[in-house]
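# Residue-level structural notes
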Amino acid sequence: MSATQAVEPLQGATAEVAVSVRDLTVRFAGDAGDVTALQNITVDIPAGGLVTMLGPSGCGKSTLLRAIADLVEVSGGEISVLGKSTGEARRNRDFAFVFQDATLLPWRSAIDNVRLPLEVGGKSAVIKAADRPEDLLELVGLAGRAQALPHELSGGMRQRVAIARALICRPRVLLMDEPFGALDEITRDKLNEELLRIWQETGTTIIFVTHSVPEAAFLGQQVLVLASHPGRVRELVTVDLPQPRKLSVRDTVDFMRVAAHLRSLLESC
Amino acid sequence: MASVSDTGPTDAATTDTERKARARRLAWSNRLPPALAVVGIILAWQGIITLFGVPSYISPSPGEVVATLISQAPNLWRNFVPTALESLAGFVLGNLVAVLIAVAFVHNRTSERAFYPIAVFVNTIPIIAIAPILVLIFGNGYTPKVIISGLICFFPTLVNMVRGLRAVSPQTLDLMRVLSASKSEIFWKVRMQSALPFLFAALRIASTTSVIGAIVGEWIGSNVGLGALIIEATYNFRSSLLYATVLMAAAWAVTLFSAVSLVERRLITWKPGSVH
Ligand SMILES: Nc1ncnc2c1ncn2[C@@H]1O[C@H](COP(=O)(O)OP(=O)(O)OP(=O)(O)O)[C@@H](O)[C@H]1O
Ligand SMILES: [Mg+2]
């Protein structure tokens, strides 16, 4: 599929590529020899797309996301984010990261946590282009809780604050590593819908790691299924469901077919 | 009116005055038991003295101690001031040095490997054994008492501060890296803040031990200060003066402790360890 797309972002004919991963290999030095977490991963994430990543535990989903975010050292291959190296993109705030637990600073109020990216990393040009923290809290539905400290918020609210913080510098790419993994199903459904709305409003490219087949199918335009030992691309599945999606789409036959296909891929991993 | 707790944190704005009133009631009901206990102990003390006819050179009655506190007020005050100043200076100095060294340790592993064993070694020498050495070196003035008081504060603060500065989750560090934060930004915005609860745990300990340090210093070589007064009162069998002096020392330690707790409550409004 899109694995055969051109490396150079082309105008017109093919969609622009936001994140391009070429032949990526990541090895970790361990006590019992090296562990190959990822081997020869090649994938293109289209600009403005929402790609979910699915795979058995330990297959390297987090590692791939962290490699894109310049958080792990790459052993081989290349990653480019908007045509830049990952380090350059990081310094330019081209991407933002949302972790599994919200990772808020517990001594800062919700709004001050959202403001954190404006206070560190000193790039005035980027920071000038930023949104107002108040607007972002409103975007994630927390306008009334701006002054609340993280321990006064529920898990779902904390994760919304984390999303607002990630969005403040208007990143062109949003990397999310099981952001809703620790939440109950009802909250997760609600945040899934909100994420789709935010994605449509902002046009941000999103790469979203999850353990949940329905979540992957509901959110993703494409689902990147990884296989483990070593981590490699199993298949890039295109989800042909209409946009904008509502939660009820999960009751359609089309959705169930996609989910069944993903499940069978996972079982054969 | 009575219970606002079951409405939960959702209607935050409405109940501020009620919350304050409730907090005040709670504070009173918290203070009542210890106050009653203190009164009970004092009554029991007075009772035992009169019941068994304990001579006052062995133990004075509470009444005698109060009388001495009043009659000896100028003498007690004259000796209180040096001790208070020494312990305060020792507290500030010892903790300041400990915090700075902790920062250096966290910044540079090599310096930690080099100096941590020395810090541990100094800590293992009983303060009673160091005191005469310092008095020999620095004479009878304030200096050795301040140093002893500072030394006694130093180690717990160093250990706690190092731990506190390191108590930052790897994920928070990942976040700061994604934000391209500099080392000093990480230090001021994350490490210092997350170390505060650890620091204050140590400062609470130091607030009382610093007074002990100053008094021990005065035992060895001094003719002023509460420590010197304790020695003098003991040798002259002036037990009520001795008790009055000890009370003064305890009152000062409690004052320091309360001051530290007050600042802590002001500075740390969040719940340490509650969120990751
Ligand atoms: N810092 C590290 N040092 C050594 N090995 C690591 C490190 N990080 C990850 N690994 C290894 O790399 C492999 C992939 O890990 P990764 O965390 O990317 O998996 P994952 O797909 O995100 O799993 P999960 O779904 O459980 O989160 C695992 O075998 C793991 O043990
Ligand atoms: Mg993971």
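Since the model is a prediction, treat every value here as computed from it, not as a measurement.

## Some remarks on the confidence of the model for chain B
For chain B, per-residue confidence averages 88 on the pLDDT scale, and residues scoring 70 or more make up 93% of the total. Quick note on the complex model: pTM equals 0.83, ipTM equals 0.88.

## What to know about the interface of chain B and chain A
By convention, interface size is frequently given as the accessible area that disappears when the constituent parts associate. In this assembly, 22 residues from chain B lie in contact with 29 residues from chain A. Counting every contact that joins chain B to chain A gives 3 salt bridges. The closest approach of N and O atoms between Lys189 of chain B and Glu119 of chain A, which form a salt bridge, is 3.1 Å. Linking chain B with chain A are 8 residue pairs in polar contact (both at pLDDT 80 or more), by the criterion used here. Every element with two or more residues in the side of chain B that touches chain A is listed here: helix 7 (170–178) and helix 8 (183–220) of chain B. In terms of residue count, the dominant contributor to the side of chain B that touches chain A is helix 7 of chain B (7 residues). Its residues placed into classes, the side of chain B that touches chain A shows 9 nonpolar, 8 polar and 5 charged.

## What about empty space enclosed by the protein?
A full pass over the atoms with the stated rule returns 4 cavities of 30 Å³ or more. In this model, the largest cavity occupies a volume close to 120 Å³. The wall of the largest cavity is formed by 14 residues, among which Ala96, Pro117, Arg165 and Ala166 of chain A together with Leu179 of chain B lie closest to the centre. Looking at the lining of the largest cavity, the elements that each hand over two or more residues are strand 5 (95–98) and helix 6 (155–167) of chain A together with helix 7 of chain B. Of the residues that constitute the lining of the largest cavity, the class distribution is 12 nonpolar, no polar and 2 charged.

## What about the domain arrangement of chain A?
Residues and elements named next belong to chain A. On domain assignment, one finds that chain A holds domain 1 (13–94 + 172–269) and domain 2 (98–170). In this structure, domain 1 and domain 2 have C-alpha centres spaced 23 Å apart. Listed as interface residues are 21 residues of domain 1 and, on the opposing side, 19 residues of domain 2. With both sides pooled, the region where domain 1 packs onto domain 2 buries about 1700 Å², and carbon together with sulfur makes up 59% of that total. The largest per-residue losses of area from domain 1 upon contact with domain 2 belong to Arg93, Leu174 and Ile198, which jointly make up 32% of the total buried on that side. Linking domain 1 to domain 2 there are 1 salt bridge. Between Glu194 and Arg160 there is a salt bridge, with the nearest N and O atoms lying 3.2 Å from each other. The tally of links between domain 1 and domain 2 comes to 8 residue pairs in polar contact (both at pLDDT 80 or more). Put simply, the parts of the chain that give the side of domain 1 that touches domain 2 at least two residues each are strand 6 (173–177) and helix 7 (185–202).

## With respect to the pairing of strand 7 (residues 205–209) of chain A
All names here are of chain A. Burial analysis of strand 7 places 5 of its 5 residues in the buried class, the great majority of the element. The alternating pattern of strand 7 places Thr205, Ile207 and Val209 on one face and Ile206 and Phe208 on the opposite face, and all of these are buried. Direction of pairing for strand 3 (residues 50–54) relative to strand 7: parallel, over a ladder of 4 bridges. Its bridge partner lying in strand 7, Thr52 is registered against Phe208.

## Digging into the confidence of the model for chain A
All names here are of chain A. In the predicted model, chain A carries a mean pLDDT of 88, and 91% of its residues have values of at least 70. When pLDDT is averaged over each helix and strand of chain A, the minimum, 62, is found for helix 4 (residues 124–128) and the maximum, 96, for strand 7. The model gives residues 1–13 a pLDDT under 50, and that stretch makes 18 contacts with residues more than four places away or in other chains.

## Re unusual backbone geometry
Residue and element names in this part refer to chain A. A cis amide bond links His229 to the next residue, Pro230, at an omega of -10°. Here Gln243 and Pro244 are connected by a cis peptide whose omega angle stands at -10°. Its location among the elements puts Pro244 in the loop between strand 9 (232–238) and helix 9 (253–267). At Leu82, a position not held by glycine, the phi torsion is positive, near 55°. One can find Leu82 in the loop between strand 4 (76–81) and helix 2 (86–91). Its identity is not glycine, yet Glu178 carries a phi of approximately 45°, on the positive side. By secondary structure assignment, the location of Glu178 is in the loop between strand 6 and helix 7. Owing to a relative accessible area of 14%, Glu178 belongs among the buried residues under this scheme.

## What to know about the packing of helix 5 (residues 127–138) of chain B against helix 6 (residues 142–166) of chain B
Residues and elements named next belong to chain B. Two numbers describe how helix 5 lies on helix 6: the axes approach to 9 Å, and their chain directions differ by 150°. For the element pair helix 5 / helix 6, the angle class is roughly antiparallel. As helix 5 packs across helix 6, the resulting crossing turns out to be right-handed. Across the interface between the two elements, Ile127, Ile130, Ala131, Leu134, Val135 and Phe138 from helix 5 touch Thr143, Pro144, Ile147, Ile148, Leu151 and Ile152 from helix 6. Across the contact of helix 5 with helix 6, the residue classes break down as 11 nonpolar, 1 polar and no charged.

## As for the environment of Val233 of chain A
Residues and elements named next belong to chain A. Tracing the backbone through its elements, the reader meets Val233 in strand 9. Under the relative-accessibility criterion, Val233 is labelled partly exposed at 30%. For Val233 and Cys59, which are 174 residues apart along the polypeptide, the C-alpha to C-alpha distance reads 9.9 Å.

## Remarks on the site of ligand 1
All names here are of chain A. Looking at ligand 1, the residues that line it are Phe28, Ala37, Ser57, Gly58, Cys59, Gly60, Lys61, Ser62, Thr63, Glu178 and His211. Note that an oxygen atom of ligand 1 is positioned 2.8 Å from one of the backbone N or O atoms of Gly58. Residue Lys61 places a side-chain N or O atom 2.7 Å away from an oxygen atom belonging to ligand 1. In isolation ligand 1 offers 630 Å² of accessible surface; the protein chains occlude 60% of this area. The greatest single-element share of the shell around ligand 1, amounting to 3 residues, is contributed by helix 1 (residues 61–68). Here the residues of the shell around ligand 1 sort into 3 nonpolar, 6 polar and 2 charged.

Conventions and cut-offs
Residues numbered from 1 in each chain as written. Chains lettered and ligands numbered in written order. Predicted model: local features only at pLDDT ≥ 70, side-chain atom pairs only at ≥ 80, totals over all residues. Heavy atoms only, no water. pLDDT = per-residue confidence, 0-100. Contact = heavy atoms within 4.5 Å. Salt bridge = Lys/Arg side-chain N within 4 Å of Asp/Glu carboxyl O. Polar contact = N/O pair within 3.5 Å; in protein donor to acceptor, adjacent residues only side chain to side chain. Helix = DSSP H or I, 4+ residues; strand = E, 2+ residues; numbered from the N terminus. Nonpolar A, V, L, I, M, F, W, Y, C, P; charged D, E, K, R; others polar. 1 Å grid on protein atoms, 1.4 Å probe; cavity = no way out; pocket = protein on both sides within 12 Å on 5 of 7 lines; lining within 4 Å. Points joined across faces, edges and corners; volume = space filled by probe spheres on them. Domains from an automatic or database assignment. Buried area = accessible area lost by both parts, 1.4 Å probe. Buried < 20%, exposed > 50% of the residue type's maximum accessible area, 1.4 Å probe, protein only. Pairing = 2+ DSSP bridges. Axes fitted to C-alpha atoms, helices over the stretch in contact; angles between N-to-C directions. Parallel < 35°, antiparallel > 145°, perpendicular 65-115°, else oblique. Left-handed = near helix turned anticlockwise from the far one by under 90°. Near = heavy atom within 4 Å. Areas by Shrake-Rupley, 256 points an atom, 1.4 Å probe, with all protein chains shown as cover.

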